[in-house]
Amino acid sequence: MLPKQLELALKLTEEQHATAFERFANAFLVHDYPELGAIGGKKDKGVDARVVSTTSGERVLVVQSCVSPRVKARTKILETIAKFKGDIPATFVYCTSAAVGMDLDETKRELRQRFKTVLEICDAPWFVQRVVSSEDRIRLCEAYAAEVLHPLFDEVAPNKLYSEILSEAEDRIATRYLE
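Okay, so let's go over this structure.

Thresholds, definitions, all that
Residues numbered from 1 in each chain as written. Predicted model: local features only at pLDDT ≥ 70, side-chain atom pairs only at ≥ 80, totals over all residues. Heavy atoms only, no water. Phe/Tyr/Trp six-rings, centres within 6.5 Å; stacked < 30°, edge-to-face > 60°. Helix = DSSP H or I, 4+ residues; strand = E, 2+ residues; numbered from the N terminus. Buried < 20%, exposed > 50% of the residue type's maximum accessible area, 1.4 Å probe, protein only. Lys NZ or Arg CZ within 6 Å of the ring centre and 35° of its normal. Axes fitted to C-alpha atoms, helices over the stretch in contact; angles between N-to-C directions. Parallel < 35°, antiparallel > 145°, perpendicular 65-115°, else oblique. Left-handed = near helix turned anticlockwise from the far one by under 90°. Contact = heavy atoms within 4.5 Å. Nonpolar A, V, L, I, M, F, W, Y, C, P; charged D, E, K, R; others polar.

1. Comments concerning the packing of aromatic side chains
- Summed over the entire model, instances satisfying the criterion amount to 10 aromatic pairs.
- Ring centres of Phe21 and Tyr144 lie 6.1 Å apart, and the angle between their planes is 65°; this geometry places the pair in the edge-to-face category. Placement of the pair is Phe21 in helix H2 (residues 18-29) and Tyr144 in helix H6 (residues 135-156), with a sequence separation of 123 residues. Like Tyr144, Phe21 is buried.
- Each residue in the set Phe21, Phe24, Phe28, Trp126, Phe127 and Tyr144 is aromatic and connected to the rest through ring pairs, giving one cluster.
- Taking NZ or CZ as reference, Arg59 lies 4.6 Å from the ring centre of Phe84, over its face.

Take a look at the structure:
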């Protein structure tokens, strides 16, 4: 049930959910990168989280979270890489609520050849596949799905919806049946 809820929440994720998705993605990735530090904000130059080497002080991993459609993924990645101005990390993690699939395979090759950086894609199917990989991730997915889906459930208001469709007699019968 939870994987389906998360899948639906990710499909319905829009620009208004950008901050919530960023928080969700960063917290989700801490399982894989415990030293990950969130940055976020409007002037973050596309860097939502990072891992910095304790010895050299250089960024070794950068995370960018995005709720844009999959067709804009390549552009977003290349724009962010350009903002690094030569200070490109060894690993660039792109988190998206879209289902990217193999659309970015060529971009992965290009970044590996031109900049010696590995592009990792964490798209909607990637998140859904890992929902039950830990208790923390289960809680994160439940919270994110609730944040995106509850306003929709409140809008539907089943009691109001069905009360307008059923007559008073039908409503009584349906209520008795459900009880």
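Read on for the rest.
2. Let's talk about the packing of helix H3 (residues 73-83) against helix H4 (residues 105-115)
- For the pair H3 and H4, interaxial distance at closest approach is 11 Å and the crossing angle is 15°. Compared by their axis directions, H3 and H4 come out roughly parallel. Here the hand of the crossing between H3 and H4 comes out right-handed. Together, Arg74, Ile77, Leu78 and Ile81 of H3 and Thr107, Glu110, Leu111 and Phe115 of H4 make up the contact between the two elements.
- For the contact of H3 with H4, the per-class residue count stands at five nonpolar, one polar and two charged.

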